[in-house]
Protein chains: 2
Amino acid sequence: MQVTIKDIARECGVSVATVSMALSSKKTRVSEKTKAKVIEVARKYNYQPNNAAVSLVNKKSKLIGIVFNDLRNTHISSLFMEINNVVEKRGYSLVCHIIEDDGAVECDLLRNVGAGNISALIWAKSLEKYTNEEKKKLNDAILQLDVPVMTMDNYGFACEGTDVVFDYRQGGYIATKHLIDYGHRRIGCVAGKKNYQVTQERLEGYKMALQEAGISYDEKLVVYGDYTMNSGYMLFSYIMGKKVTAIFSMNDEMAFGIYRAARMYGVSIPEEVSVVGFDNVPFADVMQVPLTTIGIPVEEIGKYIGERTMELIECTEKKGRNVREYKPQLLLRGSTRKI
Amino acid sequence: MQVTIKDIARECGVSVATVSMALSSKKTRVSEKTKAKVIEVARKYNYQPNNAAVSLVNKKSKLIGIVFNDLRNTHISSLFMEINNVVEKRGYSLVCHIIEDDGAVECDLLRNVGAGNISALIWAKSLEKYTNEEKKKLNDAILQLDVPVMTMDNYGFACEGTDVVFDYRQGGYIATKHLIDYGHRRIGCVAGKKNYQVTQERLEGYKMALQEAGISYDEKLVVYGDYTMNSGYMLFSYIMGKKVTAIFSMNDEMAFGIYRAARMYGVSIPEEVSVVGFDNVPFADVMQVPLTTIGIPVEEIGKYIGERTMELIECTEKKGRNVREYKPQLLLRGSTRKI
DNA sequence: TTGAAAGCGCTAACAC
DNA sequence: GTGTTAGCGCTTTCAA
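All of the points below concern the structure found in this document. All figures in this text were calculated on a predicted structure; none of them were measured in a lab.

For the rest of this paragraph, the subject is the protein's contact with DNA strand C. Near DNA strand C you find 27 residues, and of these Ile5(A), Ser20(A), Tyr47(A), Thr34(B) and Lys59(B) are the closest. Each atom of DNA strand C within 4 Å of the protein belongs either to a base or to sugar and phosphate, the latter forming 75%. Separating a base nitrogen of DNA strand C from a backbone N or O atom of Ala53(A) is a distance of 3.4 Å. One of the side-chain nitrogen or oxygen atoms of Thr34(B) is found 2.6 Å away from a phosphate oxygen of DNA strand C. Among the secondary structure elements, those contributing two or more residues to the surface near DNA strand C are helix 1 (5-12), helix 2 (16-23) and helix 4 (51-58) of chain A together with helix 2 (16-23) and helix 4 (51-58) of chain B. At four residues, the largest contribution of residues to the surface near DNA strand C is made by helix 4 of chain A.

On to the protein's contact with DNA strand D, then. As a structural note, the neighbourhood of DNA strand D is formed by 29 residues, with Thr18(A), Lys59(A), Ile5(B), Ser20(B) and Tyr47(B) the closest of them. Protein-proximal atoms of DNA strand D, defined as those within 4 Å of the protein, fall in sugar or phosphate at a share of 70%. Thr18(A) places a polar side-chain atom, nitrogen or oxygen, 2.6 Å from a phosphate oxygen of DNA strand D. Contributing elements (two or more residues each) for the surface near DNA strand D: helix 2 and helix 4 of chain A together with helix 1 (5-12), helix 2 and helix 4 of chain B. The element contributing the most residues to the surface near DNA strand D is helix 4 of chain B, with four residues. In the surface near DNA strand D, the residues fall into 15 nonpolar, nine polar and five charged.

The next thing to look at is the pattern of salt bridges. Residues and elements named next belong to chain A. Inspection of every chain in the model, using the stated rule, returns 30 salt bridges over all chains. In this structure, Arg321 engages Asp163 in a salt bridge whose closest nitrogen and oxygen atoms are separated by 2.9 Å. Remark: Asp163 occurs in strand 5 (residues 161-166) and Arg321 occurs in strand 11 (residues 321-326); sequence separation between them is 158 residues. Judged by its relative accessible area of 24%, Arg321 is partly exposed. Accessibility expressed as a relative area gives 4% for Asp163, which makes it buried. In this structure, a network of salt bridges that share partners links the residues Asp167, Glu325 and Lys327.

Residues and elements named next belong to chain B. In spatial order, the strands read 7-6-8-9; together these four strands make up an open sheet with parallel pairing. The sheet is open, and its two borders are formed by strand 7 (222-224) and strand 9 (274-276), each paired with just one other strand. Ignoring strand direction, the axes of neighbouring strands in this sheet form an average angle of 20 degrees. In terms of strand pairing, strand 6 (residues 187-191) meets strand 7 through three bridges, oriented parallel. Across the sheet, residue Ala191 finds its bridge partner in strand 7, namely Tyr224. The strands touched by helix 10 (residues 229-241) are strand 6, strand 7 and strand 8 (246-249); relative to strand 7, the strand with the most contacts, the crossing angle is about 165 degrees. Together, strand 6, strand 8 and strand 9 form the strand contacts of helix 11 (residues 252-265), whose direction differs from that of strand 8 by roughly 145 degrees.

Before going further, it helps to examine the state of the cysteines. Applying the stated criterion across every chain yields a total of zero disulfides over all chains. Sulfur of Cys96(B): no disulfide; nearest cysteine sulfur belongs to Cys96(A) and is 3.3 Å away. With a relative accessible area of 1%, Cys96(B) lands in the buried category.

Turning next to the relation of the copies chain B and chain A. Overlaying chain B on chain A yields an RMSD of 0.1 Å, the required transformation being a rotation through 180 degrees with an accompanying axial translation of 0.0 Å. Such a combination of rotation and displacement between the chain copies is what one expects of a two-fold axis. Both copies contact each other with a shared surface, as 100% of the interface residues of chain B are interface residues in chain A too.

A word on the interface of chain B and chain A. Taken together, the 53 residues of chain B in the interface contact 53 residues of chain A. Taken together, the two surfaces of chain B and chain A that pack against each other cover about 4900 Å², and 56% of this comes from carbon and sulfur. In terms of surface lost to chain A, no three residues of chain B exceed Arg72(B), Met81(B) and Phe283(B), which account for 13% of the buried area on that side. Between chain B and chain A we count two salt bridges in total. At the surface where chain B touches chain A, the tally comes to 16 residue pairs in polar contact (both at pLDDT 80 or more). Of all the elements in the fold, those that place two or more residues in the side of chain B that touches chain A are helix 4, helix 5 (74-89), strand 2 (93-98), helix 6 (103-114) and helix 11 of chain B. Of all the elements, helix 5 of chain B adds the most residues to the side of chain B that touches chain A, at eight residues. Of the residues contributing to the side of chain B that touches chain A, the split by class is 24 nonpolar, 19 polar and ten charged. The pairing of strand 2 (residues 93-98) of chain A with strand 2 of chain B spans three bridges and is antiparallel.

Once that is clear, we can look at the pairing of strand 6 (residues 187-191) of chain A. Residue and element names in this part refer to chain A. Counted residue by residue, strand 6 has five buried out of five residues, so it is predominantly covered. Of the two faces of strand 6, the one lined by Ile187, Cys189 and Ala191 and the one lined by Gly188 and Val190 are each fully buried. Pairing of strand 6 with strand 8 (residues 246-249) involves four bridges; the strand directions are parallel. The residue bridging Gly188 from the neighbouring strand is Ile247, located in strand 8. The parallel pair strand 6 and strand 7 (residues 222-224), bridged by helix 9 (residues 197-212), forms a crossover whose chirality is right-handed.

On to the nonpolar core. Core analysis: the biggest nonpolar cluster contains 162 residues, and Phe80(A), Phe256(A), Phe80(B) and Phe256(B) have the highest contact counts within it. Other than its neighbours up to four places away in sequence, Phe80(A) contacts Ile66(A), Phe68(A), Leu71(A), Leu94(A), Cys96(A), Leu71(B), Cys96(B) and Ile98(B). Residues Ile118(A), Phe157(A), Tyr130(B) and Phe157(B) belong to the second largest nonpolar core, which totals 44 residues.

Moving on to the packing of helix 2 of chain A against helix 3 (residues 32-44) of chain A. Residues and elements named next belong to chain A. At a closest axis distance of 9 Å, the pairing of helix 2 and helix 3 adopts a crossing angle of 85 degrees. Classified by the angle their axes make, helix 2 and helix 3 are roughly perpendicular. Together, Thr18, Val19, Ala22 and Leu23 of helix 2 and Thr34, Lys35, Val38, Ile39 and Ala42 of helix 3 make up the contact between the two elements. Of the residues belonging to the contact of helix 2 with helix 3, the class tally is six nonpolar, two polar and one charged.

In this section: the sheet that holds strand 6 of chain A. Residues and elements named next belong to chain A. Ordered in space as 7-6-8-9, the four strands form an open sheet in which the pairing is parallel. Strands at the two margins of the open sheet, each flanked by one partner only, are strand 7 and strand 9 (274-276). With direction set aside, neighbouring strand axes in the sheet form an average angle of 20 degrees. Strands strand 6, strand 8 and strand 9 of the sheet are contacted by helix 8 (residues 168-181), whose axis makes an angle of about 170 degrees with strand 8.

A packed helix pair is summarised by two numbers, namely the angle formed by the two axes and the spacing between the axes. Residue and element names in this part refer to chain A. Two elements in contact, helix 8 and helix 9, have axes separated by 7 Å at closest approach and are oriented at 40 degrees. If you check the angle between helix 8 and helix 9, you find them oblique. Viewed along their axes, helix 8 and helix 9 form a crossing whose handedness is right-handed. Across from Tyr168, Arg169, Gly172, Tyr173, Thr176, Lys177 and Ile180 in helix 8, the residues of helix 9 making contact are Val198, Glu201, Arg202, Glu204, Gly205, Tyr206, Met208, Ala209, Leu210 and Glu212. Tallied by class, residues from the contact of helix 8 with helix 9 come to eight nonpolar, three polar and six charged.

About the criteria used
- All chains use their own residue numbering, which begins from 1 and follows the written sequence.
- Throughout, the order in which chains and ligands are written sets their labels, letters from A for the former and numbers from 1 for the latter.
- Per-residue local features are limited, in this predicted model, to residues with pLDDT of at least 70; the limit for side-chain atom pairs, both in listing and counting, is 80 or more; totals at the level of whole chains, interfaces and linings are taken over all residues.
- With hydrogens and water set aside, each side-chain value is computed from the structure's full complement of heavy atoms.
- Here, proximity means that at least one heavy atom of the residue falls within 4 Å of the molecule or strand.
- The definition of a polar contact used here is a pair of N or O atoms within 3.5 Å, where within protein one atom must be able to donate a hydrogen and the other to accept one, and adjacent residues in sequence count solely through side-chain atom pairs.
- Helix and strand labels come from DSSP, where a helix needs a run of H or I of at least four residues and a strand needs a run of E of at least two; each type is numbered from the N terminus.
- Lys, Arg, Asp and Glu make up the charged group, whereas Ala, Val, Leu, Ile, Met, Phe, Trp, Tyr, Cys and Pro make up the nonpolar group; the residues left over, Gly among them, are polar.
- By salt bridge we mean one thing: a side-chain nitrogen of Lys or Arg within 4 Å of a carboxyl oxygen of Asp or Glu.
- Each residue gets one of three labels from its accessible area relative to the maximum for its type: buried under 20%, exposed over 50%, partly exposed in between, using a 1.4 Å probe on protein chains only.
- Strands are labelled as partners when DSSP assigns at least two bridges between them.
- Fitted lines through C-alpha atoms give the axes, limited to the stretch in contact for helices. The angle between two N-to-C directions lies from 0 to 180 degrees.
- In what follows, a contact means two residues having at least one pair of non-hydrogen atoms within 4.5 Å.
- Disulfides are defined as pairs of cysteine sulfur atoms found within 2.5 Å of each other.
- We place the copies in one frame by least squares, fitting the C-alpha atoms of every residue whose pLDDT is at least 70 in both.
- Simply put, the buried area is the total loss of 1.4 Å probe accessible area from both parts when two parts are fitted together.
- Note on handedness: a clockwise path from strand one over the helix to strand two, with the strands aimed away from the viewer, defines a right-handed crossover.
- By nonpolar core is meant a set of buried Ala, Val, Leu, Ile, Met, Phe, Trp, Tyr and Cys residues that side-chain atoms within 4.5 Å join together.
- Note on angle classes: values under 35 degrees are labelled roughly parallel, values over 145 roughly antiparallel, values of 65 to 115 roughly perpendicular, and the remainder oblique.
- By convention, the crossing between two helices is left-handed when the near helix turns anticlockwise from the far helix through less than a right angle, and right-handed when the turn is clockwise.

As structure tokens, then:
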């Protein structure tokens, strides 16, 4: 049995209220002497306040909910580590919720999350193309949580928090433009899940670059995967069948799948086909032919999310909702060549 | 404000006790009629019990603590996903604690964890070579938690739970033996953190294989990194300076670092040096020269940990402590060659 | 079958 | 400066 405030009170010959105040970090009217005594006894018994009790009365806990799709992607796990690093230092812990892509489940999940007395929510999953009704349902569920919510996309939530967005459109544009600058005209696109907002944005960038160069858009050159390595692997033969000289892969994972398939089919990168990835995960630079890719400042983003979350939790005045945008960067490596 | 049991009681014209019982999954003596009514109203208001209150009275929460070093390693994040997948289905969530390698911090962390009203703890960080005093302190802190504790190593904790261990010694042996079978006599070892138990075990396997083949152990051929890609990268030139024809890398990450360095130095794998990794992360199979490595059944292990944890939480009778061991497997790919 | 009441551990008025 | 008390939302005796 953990020792409680009551045990300490008894031992010190004071009331529980005094103990509570003495142990509180707020400035109180407890005498130095009593305070010292209480702290000493508390330490002696290795006292730890019961979080459930504290949450119950404060209506807030030291827990921050975090929701994402898949942690196996290095890009996500790096983000996670960065966020955790910040909040942990302030005594908060992340409670994980991993969610498959399905609007219905999201609301169920939120009911669950809401019961958890979290102090904030970090919604790090990709935004999908929701119907208006789905959107409304999700927003209602979020509002009911009544805590600040950070998102990684423009969810349009009406609650306090920040939408931390990345300019995927620009990223798609830069990647494609680079290929065009290298003389490619027939550029395949291995896209991610079609119903993700971030997929559509990258695709717009891709189209924009093509249009700018006077290359007509051919939807046969665009093929949809699911952002996993395996999907890149599976899609390779289709896209090569379209006689492309270059591929824009919407993330590095899929690009790795492409590498693997290329090896299998004996197609060499970049001699026979140029490849640009997206994310800049650490492995991108390990390959025999390092992957040219679009960099995302994950450390910076993670740190910001963590700090902003803490600020929202600790600041009493409401701050409303704002947007913070990060920009892409082309990382030129070995997987693309001029033709 | 979330709706409470009280609101429902008022609306139904019954007492809170009745509502509580009606909503409980245990068999109760509430009339079907009342029960139906209560459930209907609860659903109407989207009622969710307040976890803090439930925890406070039950002394248990729907939270499971999990402690690890670094999630960026695909091997760890896969494990995490598997575990989460199992416990989430049963309504539990994982609360993350990431911890640097330092005994002192561990106990601090545990104090923190203990305050969180978790129902079980999954200690998925590597065991270090502790002094007896450190061991005792850690064990005491663990005992005070008074919840089942799963570990991924032989921590020797005295509490209820399971040590899920992997035969790293055998893994080290198999990896080295494979190299010896391929005719290598001068085999470098890029080890992980020296103070980790798992490092020492792999090293023992390495030595065992050498001895068996009548090759004398040369400690100059063993060099210690920290299991990150970067450390493999940094250590490459040293180990090549020792004129080895093969390298046993204690994990895949470091092997990738070796790949990268090899490319930089223009050393080809496996022509000039054979490499064996350890873990079998998905990327191992992506490389131009796929990495021969030691497989760990991560899915199986993660699933077992999740299920065993749930069993320990839900079963009332104490189950004591047991050990479950998993075995390594050599995955022959392209990074080793006969000489 | 249902209700009243106590209590889980803690905080914060309010009283002394 | 310190103690008394109410109450956070819920479960669980014990009475009715």
